[in-house]
Amino acid sequence: MGLGEMSQTRLRAWLACMIWTLAGVGFMLTSFSGGGPSELDTDSMRHVTGAAALGFGFVGYWLALWFTRQRKGGPPVSDERDLQIVARANQATLVVVLVGIFVLTIGLWTVYEPEGQVPVGWMWFLAYGSAILAYVTSSVTILILDWRMGGHG
């Protein structure tokens, strides 16, 4: 199946998955180099590089949405099935992100409880990472649901 034969929903999910996975890999490499997330805030170059990875995700995602928009006078690019898939994916994404944030914050508190505080670099990691996790989870869930529901081009 070529790109022209793919539904807008599926194409956008594939593009989002690729863009945000690349952004996530870049962010993880930045975060876990040079002392890890607990030192992220003290290294301005890593801080800027992490922000650039997130910026790449947002700009790339916006471009993907722009280039896959419905053209004036063109055929409809989505239907009720697509709307249902996106709604279900959003529900699953909310659960995954909330559970992920909960587990990470409880884990961080458990590790850093003797010190009485969590290093602020971990808060940057949590903020950037939760955005990346949300986009990746949403796109992967859309692709899974689209496949399970039989897809339609």
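All of these numbers come straight from a predicted model, not from anything done at the bench. (Residues numbered from 1 in each chain as written. Predicted model: local features only at pLDDT ≥ 70, side-chain atom pairs only at ≥ 80, totals over all residues. Heavy atoms only, no water.)

Q: An account of a nonpolar patch on the surface is needed here, citing residue identities and associated values.
A: A cluster of nonpolar side chains, namely Val59, Trp62, Leu63, Trp66 and Phe67, defines an oily patch on the protein surface of about 550 Å² accessible area. Structurally, phenylalanine 67 is set in helix 2 (residues 44–67). On the accessibility criterion, phenylalanine 67 (56% relative accessible area) is exposed. (Patch = residues over 30% accessible without salt bridge, like charges linked within 9 Å, V, L, I, M, F, W, Y side chains within 5 Å. Areas by Shrake-Rupley, 256 points an atom, 1.4 Å probe, with all protein chains shown as cover. Salt bridge = Lys/Arg side-chain N within 4 Å of Asp/Glu carboxyl O. Helix = DSSP H or I, 4+ residues; strand = E, 2+ residues; numbered from the N terminus. Buried < 20%, exposed > 50% of the residue type's maximum accessible area, 1.4 Å probe, protein only.)

Q: Please give an account of the packing of aromatic side chains that cites residues and values.
A: Applying the stated criterion across every chain yields a total of 11 aromatic pairs. Ring geometry for tryptophan 122 versus phenylalanine 125: centroids 5.3 Å apart, planes at 75 degrees, classification edge-to-face. Linking tryptophan 122 with phenylalanine 125, this pair stays in helix 4 (residues 120–148), spanning three residues, or about one helical turn. Each member of the pair, tryptophan 122 together with phenylalanine 125, is buried. Counting every residue linked through ring pairs, the aromatic cluster contains Phe27, Phe32, Trp122, Trp124, Phe125 and Tyr128. For the cation-ring pair, arginine 69 lies above tryptophan 66, with the distance from its terminal atom to the ring centre recorded as 3.8 Å. (Phe/Tyr/Trp six-rings, centres within 6.5 Å; stacked < 30°, edge-to-face > 60°. Lys NZ or Arg CZ within 6 Å of the ring centre and 35° of its normal.)

Q: An account of the layout of surface pockets is needed here, citing residue identities and associated values.
A: Here the largest pocket is characterised by a volume of approximately 310 Å³. Taken together, 17 residues make up the lining of the largest pocket; nearest its centre are Arg12, Tyr61, Val86, Ser138 and Ile142. Of all the elements in the fold, those that place two or more residues in the lining of the largest pocket are helix 1 (8–31), helix 2, helix 3 (80–112) and helix 4. Tallied by class, residues from the lining of the largest pocket come to nine nonpolar, six polar and two charged. When its volume is computed, the second largest pocket comes out at roughly 230 Å³. What lines the second largest pocket is a set of 15 residues, and nearest its centre among them are Met28, Phe125, Gly129, Ser130 and Leu133. For the lining of the second largest pocket, the elements supplying multiple residues, two or more each, are helix 1, helix 3 and helix 4. The element best represented in the lining of the second largest pocket is helix 4, accounting for seven residues. Tallied by class, residues from the lining of the second largest pocket come to 10 nonpolar, five polar and no charged. (1 Å grid on protein atoms, 1.4 Å probe; cavity = no way out; pocket = protein on both sides within 12 Å on 5 of 7 lines; lining within 4 Å. Points joined across faces, edges and corners; volume = space filled by probe spheres on them. Nonpolar A, V, L, I, M, F, W, Y, C, P; charged D, E, K, R; others polar.)

Q: Could you give me a rundown of the pattern of salt bridges, with the residues and numbers involved?
A: Summed over all chains, the structure comprises three salt bridges. Residue aspartate 82 pairs with arginine 81 through a salt bridge whose shortest N-O separation is 3.7 Å. Just as aspartate 82 is buried, arginine 81 falls in that class too. Linking aspartate 146 and arginine 81 is a salt bridge whose minimum nitrogen-to-oxygen distance equals 2.7 Å. Separated by 65 residues along the polypeptide, aspartate 146 in helix 4 and arginine 81 in helix 3 bring together distant segments of the chain. Arginine 81 carries the same exposure label as aspartate 146, and that label is buried. Linked through salt bridges whose partners overlap, the residues forming this network are Arg10, Arg81, Asp82 and Asp146.

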